[in-house]
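# Remarks on the overall topology
Listed below, chain by chain, are the residues.
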Amino acid sequence: QVQLVESGGGLVQPGGSLRLSCAASGFPFSAYVMYWYRQAPGKERERVASITSAGGTTTYPDSVKGRFTISRDNAKNTVNLQMNSLKPEDTAVYYCSVLHITRRYWGQGTQVTVSS
């Protein structure tokens, strides 16, 4: 079955950096677009990055553009999110996601807290 396992979250000061990773299994990873979402307390889940199957195209909302970078390693079935210049408003649980055969799958999430 599809499994997505995120890692790399933590507490970081404003202006700092974190790198999140997601290990995927149970589906042909290299054939699928991969996504990172986040959800802050009391807010709706928000997409923060996507990457096409071969990694040639990435998309970001304006809120993270220029600060976040998504990448993937199809040999290792992993997708990463490099987050730089972090702000307190980036505090959220971050989720890896894939849309596989009409169903969207989520990992368990990893907490990112940006605070001094």
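Overview of the structure. What you see is a predicted model; the values in this text were computed from it and never measured.

This brings us to unusual backbone geometry. Even without a glycine there, the phi angle at Asn77 is positive, about 55°. One non-glycine residue with positive phi stands out, namely Thr102, at about 70°. Secondary-structure assignment places Thr102 in the loop between strand 9 (92-100) and strand 10 (103-106). With a relative accessible area of 79%, Thr102 lands in the exposed category.

What follows concerns the pairing of strand 7 (residues 68-73). What you see with strand 7 is a clean split: Phe68, Ile70 and Arg72 sit on the buried side and Thr69, Ser71 and Asp73 on the side with no burial. Across six bridges, the pairing between strand 7 and strand 8 (residues 78-83) is antiparallel. When the sheet's bridge partners are listed, Ser71 is paired in strand 8 with Asn80. Hairpin connection, strand 7 to strand 8: the antiparallel pair is bridged by four residues, and Asn77 has positive phi, about 55°.

Here we come to the side chain of Arg67. In this structure, Arg67 sits in the loop between strand 6 (58-59) and strand 7. Taking relative accessible area as the criterion, Arg67 reaches 9% and is therefore assigned buried. Within the structure, the side chain of Arg67 is placed 2.8 Å from the backbone oxygen of Ser63, a separation counted as a polar contact. Apart from the residues lying within four places of it in its own chain, the contact partners of Arg67 are Gln82, Met83, Asn84, Ser85, Leu86, Lys87 and Asp90.

Rules used in this analysis
- Residues numbered from 1 in each chain as written.
- Predicted model: local features only at pLDDT ≥ 70, side-chain atom pairs only at ≥ 80, totals over all residues.
- Heavy atoms only, no water.
- Helix = DSSP H or I, 4+ residues; strand = E, 2+ residues; numbered from the N terminus.
- Buried < 20%, exposed > 50% of the residue type's maximum accessible area, 1.4 Å probe, protein only.
- Pairing = 2+ DSSP bridges.
- Polar contact = N/O pair within 3.5 Å; in protein donor to acceptor, adjacent residues only side chain to side chain.
- Contact = heavy atoms within 4.5 Å.

Everything listed here is a matter of geometry and, on its own, says nothing about what the molecule does.
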